[in-house]
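A closer look at the structure
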There are 4 protein chains.
Amino acid sequence: MIGDAAALLVIDPQADFMPMVEGGPEPALSAMARLVQAARAAGLPIVVTQEVHRPDLIDFGRELDGEEPVHCVEGTSGVSLLPDFQPRAGEHLIRKRRYSAFFATDLDLLLRGLGVRTVIVCGFLTDVCVHYTCADAHQLDYCVRLVAEACGGSTLAASEAVFAAVERLQHGALVGLEAACGTVPRAVA
Amino acid sequence: MIGDAAALLVIDPQADFMPMVEGGPEPALSAMARLVQAARAAGLPIVVTQEVHRPDLIDFGRELDGEEPVHCVEGTSGVSLLPDFQPRAGEHLIRKRRYSAFFATDLDLLLRGLGVRTVIVCGFLTDVCVHYTCADAHQLDYCVRLVAEACGGSTLAASEAVFAAVERLQHGALVGLEAACGTVPRAVA
Amino acid sequence: MIGDAAALLVIDPQADFMPMVEGGPEPALSAMARLVQAARAAGLPIVVTQEVHRPDLIDFGRELDGEEPVHCVEGTSGVSLLPDFQPRAGEHLIRKRRYSAFFATDLDLLLRGLGVRTVIVCGFLTDVCVHYTCADAHQLDYCVRLVAEACGGSTLAASEAVFAAVERLQHGALVGLEAACGTVPRAVA
Amino acid sequence: MIGDAAALLVIDPQADFMPMVEGGPEPALSAMARLVQAARAAGLPIVVTQEVHRPDLIDFGRELDGEEPVHCVEGTSGVSLLPDFQPRAGEHLIRKRRYSAFFATDLDLLLRGLGVRTVIVCGFLTDVCVHYTCADAHQLDYCVRLVAEACGGSTLAASEAVFAAVERLQHGALVGLEAACGTVPRAVA
């Protein structure tokens, strides 16, 4: 896997987000599974995030002012992590209330504790939770590596804009799946 | 209960903290139970906090550099909430990794969502998690009401110092149990 | 101006960002000046943000890993606010080190103190500091109103993607200049 | 000076706080001056904090609900740093609105950028800004070294309670002035 002191962040692999992915989530899910496998093989820390809202809807903030319906409510099936992405023993779960996985969570504390300097990011939705997690990681001084093939967005156009934005912030941030998995040298990817 | 737009914060009613309370936790526990009952009767939001550390100890930060042994580890009995303080349906749980219940958690988001302006605080340990939660509440512009009888600290002297410190920050912050429960007028307390 | 309890945020009207604006900053600057004038007339709080980096470059974090050269260094002419956007007496300045004006600053404290619930946003660069400020405002439960004509981005395509992203988060977030200034009813804008 | 990767934090050496120090600030000021000199000689980063409030008093939060009068207002003489503690070129200033120097500031970003792991703390008031800065440093995983002789508090009793509280969090946190300055071995101090 990429570099030293890296961790894999798997953003919101949850039932409720699947129908929101333009073109369907399958290509991303399959790439995400390969990343998880490669991270396990390389002994990299794996952090899975899960958006969870309280049943009384009190913690949605402004999240219902826009495109998204009520989602990821505790006790519903939609909040569940997809079975392939349940953290195993020794892997980490971060529950969150907002888009960025760093927002009002202990993710930064956890990554500091683990000595992580680089986050390899994949998951859903590219143009919301993935994007704002990358932006916060960058602002918190992490090296960001975003695996485009392992992300699913609300539209392809929005996803492309995110890839360009992230690459603009850190040259080399966008990496191919094979390079991320370490099966081909990064320069060739 | 006290004032408008108040919530009751019950800090860390957990097995592992009980032996750390000088004089034993019983007087505080009994006062805390009365507060919870009064809050339920008054329809006030109740937020219970729970310190939780990961089994690999990766998120203890500096918490093991001092007096406290390993504590509140996920999967151990010591991390459990005491049965009397399990949040019921409609009540809220905040898991935390550090002393302040606002630190790297969504407590502020939750309280904002609930429209809360005043926090009534009780629990353990007065001179650690209770104190730093009160300090952050104050810095985040909440009105703080600390019920001394419903707190337990590592020493009585340390507890007294906290009560003085909190009262110094907001005059009137220290309230008696009966006043907090609304059974006597506050001015008389 | 828009709604109740609103404030105008003028993001980074600074010399160093002017050459980065595709198509030049003039159209945005002229719209921003109108917004400031309207906010003053309406008695709305005005907050100007200024990115400032220390001369030893120690606080750039990852900001030099990408497209942007060294910028906004204390003591250089490039860090200066453009003369038209210097805060007047009673207006507010927020110095920041990162993109989001909420990141490691007291902007949220200030807006809470002012009783602000809606932020009207303009400035530079649309696809960096403006975007991430809007995202954090949204995550902090503010109502966001972004005046596209009063923003300048690194590319027009990137700007368009931001406008779509912000509108996706809060329907109605994108507002025209005349509507924002209150000279035409919003529904007509 | 103490350890590796350390920085000296000089908390709020400002005119308005001087009359609040029980017994007068002189002993602390003289010890603080020695610390600054030793830090300069050792090449340690120096960070001076300054509490600053806006003239319209909008950002005081709850700070006027208790013991302290209006203080540290921009444009008044009371907000000024004492001449001996003005940061020199290459030293750092952190303006803050609340007690903790980490609260709504970029101090953590700065210390991360500098590679700092240990903060040596001195200044005013021991039982307010010094204490809550130490608590946040601890919660943010810094090693804390507090130089009691170089602090001034609102009462001696309150100061003693803080020293005990900080030492309880990290054994060895309380250090003598000579040990901190490196003129005697720490174990002897």
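In short, a report on the structure. (Residues numbered from 1 in each chain as written. Chains lettered and ligands numbered in written order. Predicted model: local features only at pLDDT ≥ 70, side-chain atom pairs only at ≥ 80, totals over all residues. Heavy atoms only, no water.)

Focus on the sheet that holds strand S5 (residues 143-152) of chain D
Residues and elements named next belong to chain D. Pairing is parallel in the open sheet, where six strands are placed in the order S3-S2-S1-S4-S5-S6. Edge strands, defined here as strands with exactly one partner in the open sheet, are strand S3 (92-96) and strand S6 (174-175). As defined by bridge partners, strand S1 (residues 6-11) adjoins strand S2 (residues 46-51) across three bridges and the pair is classed as parallel. Each residue of the ladder has a partner; that of Leu9, found in S2, is Val47. Contacting S1, S2, S3, strand S4 (118-124) and S5, helix H3 (residues 126-139) runs over the sheet at an angle of about 170° to S4. (Pairing = 2+ DSSP bridges. Helix = DSSP H or I, 4+ residues; strand = E, 2+ residues; numbered from the N terminus. Contact = heavy atoms within 4.5 Å. Axes fitted to C-alpha atoms, helices over the stretch in contact; angles between N-to-C directions.)

A look at the environment of Ala42(A)
Assignment of secondary structure puts Ala42(A) in helix H1 (residues 26-42). Sequence separation between Ala42(A) and Phe102(A) is 60 residues, and the spatial gap between their C-alpha atoms is 25 Å.

Some details on the pattern of salt bridges
The full count for this structure, using the stated rule, is 52 salt bridges over all chains. Between Asp141(C) and Arg98(A) there is a salt bridge whose closest N-O contact spans 2.7 Å. Residue Asp141(C) is located in the loop between helix H3 (126-139) and strand S5 (143-152), and its partner Arg98(A) is located in the loop between strand S3 (92-96) and helix H2 (107-114); the two belong to separate chains. Take Arg98(A): its relative accessible area is 1%, and that puts it in the buried class. The residue Glu178(C) makes a salt bridge to Arg34(C) at a minimum N-O spacing of 2.4 Å. Of this pair, Glu178(C) sits in helix H5 (residues 177-181) while Arg34(C) sits in helix H1 (residues 26-42), and the two are 144 residues apart along the sequence. Taken together, the shared-partner salt bridges in this structure form one network comprising Arg54(A), Asp59(A), Arg97(A) and Asp106(B). (Salt bridge = Lys/Arg side-chain N within 4 Å of Asp/Glu carboxyl O. Buried < 20%, exposed > 50% of the residue type's maximum accessible area, 1.4 Å probe, protein only.)

Focus on the relation of the copies chain B and chain D
Least-squares fitting of chain B to chain D yields an RMSD of 0.0 Å, with the superposition described by an axial translation of 0.0 Å and a rotation of 180°. Taken together, the rotation angle and the small translation identify this as a two-fold axis. Closest approach to the rotation axis among the C-alpha atoms of chain B is made by Ala161(B), whose C-alpha sits 3.1 Å away. Residue by residue, 100% of the interface of chain B is reproduced at the interface of chain D, so both copies engage with the same surface. (Least-squares fit on C-alpha atoms with pLDDT ≥ 70 in both.)

Considerations on the packing of aromatic side chains
Residue and element names in this part refer to chain B. Within the structure shown, the criterion is met by eight aromatic pairs over all chains. Centroid distance Tyr99 to Tyr132: 6.2 Å. Interplanar angle 35°. Geometry classified as tilted. With a gap of 33 residues between them, Tyr99 in the loop between strand S3 (92-96) and helix H2 (107-114) and Tyr132 in helix H3 (residues 126-139) connect regions that are remote in the sequence. Tyr132 carries the same exposure label as Tyr99, and that label is buried. (Phe/Tyr/Trp six-rings, centres within 6.5 Å; stacked < 30°, edge-to-face > 60°.)

Brief notes about the sheet that holds S5(C)
Consider a sheet: its strands pair through backbone hydrogen bonds, and that pairing is either parallel or antiparallel. Residue and element names in this part refer to chain C. An order of S3-S2-S1-S4-S5-S6 is seen for the six strands of this open sheet, with the pairing classed as parallel. Two strands in the sheet have a free side with no partner beyond their single neighbour: strand S3 (92-96) and strand S6 (174-175). Bridging between strand S2 (residues 46-51) and S3 involves five bridges; their strand directions are parallel. Opposite Gln50, over in S3, you have Arg95 as the bridge partner. The sheet contacts of H3 involve strand S1 (6-11), S2, S3, strand S4 (118-124) and S5, and relative to S4 the element is tilted by about 170°.

Structural notes on the interface of chain B and chain D
The interface of chain B with chain D comprises 32 residues on the first partner and 33 residues on the second. In total, chain B and chain D occlude about 2,800 Å² of area from one another, counting both sides; carbon and sulfur atoms represent 52% of this. There are four salt bridges connecting chain B and chain D. Among the salt bridges present, the one from Glu68(D) reaches Arg168(B), with a minimum N-O distance of 3.2 Å. Summed over the shared surface of chain B and chain D, the result is 26 residue pairs in polar contact (both at pLDDT 80 or more). Sorting the residues of the side of chain B that touches chain D by element identifies H3 and helix H4 (156-169) of chain B as the ones contributing at least two each. The leading source of residues in the side of chain B that touches chain D is H3(B), at eight residues. (Buried area = accessible area lost by both parts, 1.4 Å probe. Polar contact = N/O pair within 3.5 Å; in protein donor to acceptor, adjacent residues only side chain to side chain.)

Re empty space enclosed by the protein
Scanning the model with the defined rule gives 11 cavities of 30 Å³ or more in all. Considering only enclosed or pocket space, the largest cavity measures out at about 1,300 Å³ in volume. If you go around the largest cavity, you meet 39 residues; those closest to its centre are Ala104(A), Ala104(B), Phe102(C), Ala104(C) and Ala104(D). Elements supplying a minimum of two residues to the lining of the largest cavity: H2 of chain A, H2 of chain B, helix H2 (107-114) of chain C together with helix H2 (107-114) of chain D. (1 Å grid on protein atoms, 1.4 Å probe; cavity = no way out; pocket = protein on both sides within 12 Å on 5 of 7 lines; lining within 4 Å. Points joined across faces, edges and corners; volume = space filled by probe spheres on them.)

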